[in-house]
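# Examination of the molecular architecture
Single-letter residue listing:
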Amino acid sequence: MDPGQMSVGADGKRNCPIELNLAPAENFWTTDRDGAVRLHTEETGPASEPPVTIHHLFWDSVQHFGNHPAMAVNRDGQWKTTTYLQYYQACRAAAKSFLKLGLERFHGVGILGANAPEWFIGHIGAIMAGGTPAGIYPTSSADACRYVARNSEANILLVDDHQQLEKILQVQDQLPHLKAIVQYNDDLKEKRPNLYTWLEFIQLGSEIPDSELDDIIASQKVNQCCTLLYTSGTTGPPKGVMLSHDNVTWLAKMFGKYSGVQECEIHVSFLPLSHAAAQFFDIWLPICNGWTTYFANKDALKGSVIDTLKEVRPTVFFAVPRIWEKIQAELVDMEFNSSSMRRFTSISAREPRLVTRLNHTDGNCAAPLGDSMADYLVLKKIQAGVGLDRCVRLYTAAAPIAKETLEIFMGLNLPIMDIYGLSESSGPRTISVTRNIASSDFRITSCGKTVPGCKTRIHMPDQDGNGEICFGGRDIFMGYLNMVEKTMEALDEEGWLHTGDIGKLDQDGFLYITGRIKELVITAGGENIPPVPIENALKKEVPIISNSMLVGDKRKFLSMLVTLRCTTDPNTEGPGDDLTPGAIRFCQQLGSRAARVSEVVRSKDPAIYKAIQEGLDRVNKKAVSRAHRVHKWAILDKDFSIEGGELGPTMKVKRPVILKKYEMIIDEFYKVGGSLQGKKQKPASQRNKELNSKL
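Residues numbered from 1 in each chain as written. Predicted model: local features only at pLDDT ≥ 70, side-chain atom pairs only at ≥ 80, totals over all residues. Heavy atoms only, no water.

Below, the discussion takes up the sheet that holds strand S24 (residues 545-551). Here three strands make up an open sheet; going across it, the order is S24-S25-S28 and the pairing mixed. In this open sheet, the two edge strands, each paired with only one partner strand, are S24 and strand S28 (630-635). Shown here is a sheet whose adjacent strand axes are inclined to one another by a mean of 25 degrees, direction ignored. Alignment of strand S25 (residues 558-564) against S28, held across five bridges, turns out to be parallel. Within S28, the position partnered with Val562 by the bridge is Ile635. This element, helix H19 (residues 606-621), spans S24, S25 and S28 of the sheet and lies at about 150 degrees to S28. (Pairing = 2+ DSSP bridges. Helix = DSSP H or I, 4+ residues; strand = E, 2+ residues; numbered from the N terminus. Axes fitted to C-alpha atoms, helices over the stretch in contact; angles between N-to-C directions. Contact = heavy atoms within 4.5 Å.)

In this section: the pattern of salt bridges. For the structure on display, the rule yields 33 salt bridges. A salt bridge links Arg313 to Asp389; its shortest N-O distance comes to 2.7 Å. With a gap of 76 residues between them, Arg313 in the loop between helix H10 (305-312) and strand S12 (316-319) and Asp389 in the loop between helix H13 (373-384) and strand S13 (393-396) connect regions that are remote in the sequence. Between Glu663 and Lys660 there is a salt bridge, with the nearest N and O atoms lying 3.8 Å from each other. For Lys660, a relative accessible area of 61% translates into the label exposed. Via salt bridges that share partners, Arg92, Lys96, Asp210 and Asp214 belong to a single interconnected network. (Salt bridge = Lys/Arg side-chain N within 4 Å of Asp/Glu carboxyl O. Buried < 20%, exposed > 50% of the residue type's maximum accessible area, 1.4 Å probe, protein only.)

Take the sheet that holds strand S16 (residues 449-450) next. Here five strands make up an open sheet; going across it, the order is S12-S13-S14-S15-S16 and the pairing mixed. Sheet topology places S12 and S16 at the edges, where each strand pairs with a single neighbour. Sheet analysis places strand S14 (residues 416-422) next to strand S15 (residues 427-431), joined by four bridges and oriented antiparallel. What sits directly across from Gly421, in S15, is Pro428. Contacting S13, S14, S15 and S16, helix H8 (residues 245-259) crosses the sheet at an angle of about 30 degrees to S15.

Taken as a whole and judged by the stated rule, the model has 23 aromatic pairs. Geometrically, the ring pair formed by Phe98 and Phe201 is tilted, given 5.0 Å between the ring centres and 55 degrees between the ring planes. Of this pair, Phe98 sits in helix H2 (residues 84-100) while Phe201 sits in helix H6 (residues 198-204), and the two are 103 residues apart along the sequence. Grouping residues by exposure puts Phe98 and Phe201 together as buried. Aromatic side chains Trp324 and Phe409 sit 5.1 Å apart centroid to centroid with 70 degrees between the ring planes, which places their arrangement in the edge-to-face category. Here Trp324, found in helix H11 (residues 321-336), pairs with Phe409, found in helix H14 (residues 403-411); they are 85 residues apart in sequence, far enough to count as distant. You can call Phe409 buried: its relative accessible area is 0%. Ring pairs connect the aromatic residues Phe58, Trp59, Phe65, Tyr84, Tyr87 and Tyr88, which therefore count as one cluster. Directly above the ring of Phe471 sits Arg429, whose terminal nitrogen or CZ lies 4.2 Å from the centroid. (Phe/Tyr/Trp six-rings, centres within 6.5 Å; stacked < 30°, edge-to-face > 60°. Lys NZ or Arg CZ within 6 Å of the ring centre and 35° of its normal.)

As a further point, take the state of the cysteines. In total, this model carries zero disulfides according to the counting rule given. With no disulfide of its own, Cys226 lies closest to Cys225 among cysteine sulfurs, the gap being 6.2 Å. Overall, Cys226 belongs to the buried group, its relative accessible area being 1%. (Disulfide = S-S within 2.5 Å.)

On to the nonpolar core, then. For soluble globular proteins, nonpolar side chains are generally found buried alongside one another. Phe58, Tyr87, Phe98, Phe270, Phe317, Trp324 and Tyr395 are the most contacted members of the largest nonpolar core, which totals 142 residues. Not counting the four nearest positions on each side in its chain, Phe58 is found in contact with Tyr84, Tyr87, Tyr88, Cys91, Ile124, Met128 and Ile287. (Core = buried A, V, L, I, M, F, W, Y, C linked by side-chain atoms within 4.5 Å.)

Next up on the list: unusual backbone geometry. Glycine aside, a negative phi is what most residues show, and trans is what most peptide bonds show. With a phi angle near 85 degrees, Ala398 is a residue other than glycine that sits in the positive phi range. By the element assignment, Ala398 lies in the loop between S13 and H14. Backbone geometry places Lys554, a non-glycine residue, at a positive phi of 65 degrees. Summarising the element assignment, Lys554 is placed in the loop between S24 and S25.

In this fold, Asp299 is placed in the loop between strand S11 (292-295) and H10. Residue classification places Asp299 among the partly exposed residues on the basis of a relative accessible area of 31%. Along the chain, Asp299 and Ala114 lie 185 residues apart, while their C-alpha atoms are 9.3 Å from each other.

Attention now moves to helix H9 (residues 276-289). Its 14 residues place the ends of H9 18 Å apart at the C-alpha level, agreeing with the 20 Å of an ideal helix rising 1.5 Å per residue. Counted residue by residue, H9 has 13 buried out of 14 residues, so it is predominantly covered. Phi for Gly290, located one or two positions after H9, is positive at around 70 degrees. (Expected span 1.5 Å × (residues − 1).)

With that settled, the discussion passes to the packing of helix H16 (residues 531-541) against H19. Look at H16 against H19: their axes get within 9 Å of each other, and the N-to-C directions meet at 130 degrees. One finds that H16 runs oblique with respect to H19. In this structure, H16 crosses over H19, and the sense of that crossing is right-handed. Where H16 abuts H19, its residues Ile534, Ala537, Leu538 and Glu541 lie against Ile612, Gly615, Leu616, Arg618 and Val619. Considering only residue class, the contact of H16 with H19 consists of six nonpolar, one polar and two charged. (Parallel < 35°, antiparallel > 145°, perpendicular 65-115°, else oblique. Left-handed = near helix turned anticlockwise from the far one by under 90°. Nonpolar A, V, L, I, M, F, W, Y, C, P; charged D, E, K, R; others polar.)

Of all seven residues in S24, seven are buried, a share of seventy percent or more. Of the pairings in the sheet, the one linking S24 to S25 comprises six bridges and is antiparallel in character. When the sheet's bridge partners are listed, Val551 is paired in S25 with Ser559. Between S24 and S25, which pair antiparallel in sequence order, lie six residues; one of them, Gly552, sits at a positive phi of approximately 155 degrees.

Before going further, it helps to spend a moment on the side chain of Asp282. Inspection of the secondary structure puts Asp282 in helix H9. As a buried residue without a salt bridge, Asp282 has its nearest oppositely charged side chain in Arg75, at a separation of 14 Å. A distance of 2.7 Å separates the side chain of Asp282 from the side chain of His267, its partner in a polar contact. Of the polar contacts made by the side chain of Asp282, one reaches the side chain of Ser269; its length is 2.6 Å. Excluding residues within four positions of it along the chain, Asp282 makes contact with Asn115, Phe120, His267, Val268, Ser269, Phe270, Leu271, Leu273 and Thr293. (Lys, Arg positive; Asp, Glu negative; His and termini not counted. Polar contact = N/O pair within 3.5 Å; in protein donor to acceptor, adjacent residues only side chain to side chain.)

Taking 1.5 Å per residue, 12 residues should reach 16 Å; helix H1 (residues 54-65) reaches 16 Å between its end C-alpha atoms and fits that length. Along H1, the residues that are buried comprise Ile54, His55, His56, Leu57, Phe58, Trp59, Ser61, Val62 and Phe65. Contacts from the buried residues of H1 go to H2, helix H3 (117-128), helix H7 (210-219), strand S8 (225-230), H8 and H9.

Any link to function would need more than the numbers given here.
Below is the structure:
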């Protein structure tokens, strides 16, 4: 047998060699689905680790954690678990069924639906069978699904339920490579040719011999594509990010070692699995370390994830900033509904813990007065209120997180590790690591240091050290599928990835994100203004604000769209009209009786509008220049949401969509008062009152 081959079998008793063959490759990138790339290996250090395939990574995990629970899902009110050996066997069964349905080498298997064991099994099974799985965002339109399926030349599509199936049926006649559809959740409402339930699908390949699958697994090369991640497409058509076996397996090992993760942790899966960070934390990192992954409900992003946290009590939790803000709001509501004595006790316990944590980041291990066991027990009760009392590792990524949010959780003895990475870097690339003792690897507001074995540099830094962040290393993607020009824009001749993000490295190697080239607001006067710091500053000053978005590209001055914190509408499952308890409390403190967004906007509630204007005035006082000051603003009648199209699957603001959707309101900003040139400018509060009277 060839040294690069392996025979594994379903009996769980055959061995896997460590070294695998590389496919011949001269370049660091390719756009061909069956292409190969040179690996960024080094003679010594982390980048010299032997490359392995996805199958080898999984097989090694089965040897270590075979009878340990890998997944748990709530079906009919009961948590049903799957061990690692059962997980592996299910992936093999799915792989053989894919082969039975005619999956061709390097062709796509699209997966459209909510997080579930079938998503994981279908994804890994497709890789074992030699295909390239491609997650599709659950909120995608039928046309968006068609684009991914056509671009990946998908032979098979897995869909969650009838609603997702309907999208595919609308465009089925436009998918020339499609051979079958599998619905993995709910009962089929109709029978069609080449449409299968999950149970029917998983039994299809029972007659395929293990040896046939083993041969396909053995022929896979570590420097060839194993999975596709599609970008959100906010700046053009979605791009298929090609990741190799080595991209995924090497980074999973290196990140785990550096961030200090432990074996057999408990984790909750709820972020869309079509996103790089979710796949990394939900599939690859758990396989590497024998974690048990619990699946949250479909409506987790709307807030129900907190209910799952309370039930599961994970030891590891990864979320995007918007979810951390929702948990923060839940904590505020808990405190609001508690007695005055309990509120006082809570605040008295939080403040010393925050001081302790901040001292640790400066190398000072001394605990301040009041940082006692009693305080610790008080904080444990608060943590339990949101299901995080057992959590020892918390992560955030995908978008900037406010310093205030980080400090609130630090005060609860729940320090959040900030992560930065891209689909094109296979997931997390830098991390600010927190520990229980003084740590030289953590800085609040920094996304941390580079994972060992990876390289980070700043391209063309300015006098303050800010420039485009560039990445090099074994985690850098292979290229964009069938997009030569876009690939050459992203990767230079030496294989460095140009991220499009602006940042700087301090003298200790900590990375700070200061803006994004494509998100910069460039005023008519030519000022380049990063919007996120201004947006976060306003939200910190005025806690009733849920979302804020800076406007002013090619305009004479800056303006702001803001939304208020509201509850979820039970009928539409989108943002409702009722303010959250914390927002109502804020209104009451100002002397307002408002309980709904519509009440605030319709009446131009003087107390709320004054509070927002005063908060904006405080932000403007700290502006680095006159060009950075916000002159006008308006409250929108609905919060941003995934359903409304303003937020992406990871709750990141989709600026082009918002600019288009609220074009009339934005235009009104720049009509009121006429040209500012040659005229004395009215006070901001007066200008805003005039604007809102028109709106």
